[in-house]
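Below are the chains, spelled out letter by letter.
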Amino acid sequence: MYRVETIRRLREARRLAVLTGAGVSAESGVPTFRSPEGLWSRFRPEELARVEAFLRNPDLVWAWYAHRRQIIRQVQPNAAHRILAALEDRYPDFTLITQNVDNLHRRAGSRNLIELHGNLERNYCIACARPWQEEDDEPQAVPRCPDCGGLVRPDVVWFGEPLPQEAWSRAEAAARRAEVFLVVGTSAVVYPAAWLPEIALESGAYVVEINPEETPLSGRVHDAIRERATVALEALWSMLES
Ligand code: OAD
């Protein structure tokens, strides 16, 4: 079930890039967005993950993010996060690009990490942009900036907002120069992140998808491994090490 060609490419490559999505954190206990029990089925994202929603009802939006933050603080990185961190030492040119805002890649030790959609652990003032860090207990109502009194928001990308420019440029460059591009645990439907595997394909990379479900990308990749992230990455890792 694991292609010899995939192992050979992974062994020989010097430039590896990886794109991850919510599926990589699923086995840590963080709900994904589009699964039936996912966050998006219980809350309408357009009601919450938008600046208009935040301005209309900042306490509600803040409470929702506080709830998500509480979940991620109670969970641990899993074997997939750890193997992706370990892979960084195998390749002279390694880039991990994530759509996740849960900080688990960093907690697992990844260093060359691009957070395309921001990070739930960071917040900033919408009026003066000053970073804001909560003290002990997570406030349930939206905090105010101690400097200017502006509303504090999570440092995540909301619907209708552009990706952080520098993060996108670095991700695009990594996708262009990768010899092997891994796509792990993403439904590959949210753009511009979903362009990255397309860019890698166009640039001649060998593209491998790891996802128990089929995605719109599956038909075009060189290898679609229908497995959970921990299982597939553990198998690939042991084949690489043997
Ligand atoms: P989705 O919830 O859309 O997709 C999660 C994917 O993970 C699905 O394709 C699942 O089949 C797969 N999956 C589930 N369990 C898995 C496992 N154990 N191992 C591997 N794969 C597994 O999440 P994303 O693709 O990350 O954006 O969603 C992209 C963006 O949509 C998110 O970053 C978020 C959301 O709007 C923002 O917050 C800006």
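Computed from a predicted model, the values in this text were never measured in an experiment.

This part covers the pairing of strand β6 (residues 152–156). Most of β6 is tucked away: four of the five residues are buried. Pairing geometry for strand β4 (residues 118–125) and β6, over five bridges, is antiparallel. The partner of C125 across the bridge, within β6, is V152.

The tally for this structure, following the rule as stated, stands at five aromatic pairs. Seen in terms of ring centroids, F54 and W158 are 5.4 Å apart; in terms of plane orientation they differ by 45°. Their pairing is tilted. One end of the pair, F54, is in helix α5 (residues 51–56); the other, W158, is in the loop between β6 and α9 (165–177), with 104 residues separating them in the sequence. Here F54 matches W158 in class, with each residue buried. With centroids separated by 5.8 Å and ring planes inclined at 80°, the aromatic side chains of W62 and W132 adopt a geometry described as edge-to-face.

Pairing is parallel in the open sheet, where six strands are placed in the order β3-β2-β1-β7-β8-β9. Because the sheet does not close on itself, it has two edges, and the strands there are β3 (113–115) and β9 (223–225). Adjacent strand axes in the sheet meet at a mean angle of 15°, parallel and antiparallel pairs treated alike. Note that strand β8 (residues 206–210) and β9 share three bridges and pair parallel. Each bridged residue has a counterpart across the sheet, and for E209 the counterpart in β9 is A224. Sheet contacts for α9: β1 (15–20), β2 (93–98), β3 and β7 (180–184); angle to β3, the most-contacted strand, approximately 130°.

By nearness alone, 22 residues border the ligand, and F33, R34, T186, S187 and N211 come closest of all. For the ligand, whose unbound accessible area comes to 790 Å², protein coverage reaches 89%. In terms of domain composition, the shell around the ligand takes at least three residues from each of domain 1 (1–30 + 77–117 + 162–242) and domain 2 (31–74 + 121–156).

Okay, the nonpolar core next. Core analysis: the biggest nonpolar cluster contains 26 residues, and L16, V18, L87, Y91, L182, V184 and L233 have the highest contact counts within it. Of all elements in the fold, only α1 (4–12), β1, α7 (79–87), β2, β7, β8 and α11 (229–241) reach the threshold of two or more residues within this core. The dominant element in this core, judged by the number of residues it contributes, is α11, at five residues. With residues up to four places along the chain from it excluded, the contact list for V18 reads L84, F94, T95, L96, I97, L182 and V184. In this structure, I114, L163, A171 and V207 belong to the second largest nonpolar core, which totals 23 residues.

Take the domain arrangement of the protein chain next. The domain boundaries assigned to the protein chain delineate domain 1 (1–30 + 77–117 + 162–242) and domain 2 (31–74 + 121–156). For the pairing of domain 1 and domain 2, the buried interface totals around 930 Å² over both sides, and the portion due to carbon and sulfur atoms is 61%. Looking only at domain 1, the three residues that lose the most surface to domain 2 are A22, V30 and V101, adding up to 42% of its buried area. Viewed at the interface, domain 2 and domain 1 are joined by one salt bridge. Across the pair R122 and E115 runs a salt bridge, and its minimum N-O distance is 3.3 Å. Of the residues assigned to the side of domain 1 that touches domain 2, the class counts are six nonpolar, five polar and three charged.

What the rule picks out here adds up to 19 salt bridges. For R73, the salt bridge goes to E121, with nearest N and O atoms at 2.8 Å. One end of the pair, R73, is in helix α6 (residues 58–74); the other, E121, is in strand β4, with 48 residues separating them in the sequence. In this structure, the salt-bridge partner of E198 is R220, at a minimum N-O distance of 2.3 Å. Separated by 22 residues along the polypeptide, E198 in helix α10 (residues 195–202) and R220 in the loop between β8 and β9 bring together distant segments of the chain. What emerges from the salt-bridge pattern is a single network uniting E5, R8, R9 and E12.

Analysis parameters
- Residues numbered from 1 in each chain as written.
- Predicted model: local features only at pLDDT ≥ 70, side-chain atom pairs only at ≥ 80, totals over all residues.
- Heavy atoms only, no water.
- Buried < 20%, exposed > 50% of the residue type's maximum accessible area, 1.4 Å probe, protein only.
- Helix = DSSP H or I, 4+ residues; strand = E, 2+ residues; numbered from the N terminus.
- Pairing = 2+ DSSP bridges.
- Phe/Tyr/Trp six-rings, centres within 6.5 Å; stacked < 30°, edge-to-face > 60°.
- Axes fitted to C-alpha atoms, helices over the stretch in contact; angles between N-to-C directions.
- Contact = heavy atoms within 4.5 Å.
- Near = heavy atom within 4 Å.
- Areas by Shrake-Rupley, 256 points an atom, 1.4 Å probe, with all protein chains shown as cover.
- Domains from an automatic or database assignment.
- Core = buried A, V, L, I, M, F, W, Y, C linked by side-chain atoms within 4.5 Å.
- Buried area = accessible area lost by both parts, 1.4 Å probe.
- Salt bridge = Lys/Arg side-chain N within 4 Å of Asp/Glu carboxyl O.
- Nonpolar A, V, L, I, M, F, W, Y, C, P; charged D, E, K, R; others polar.

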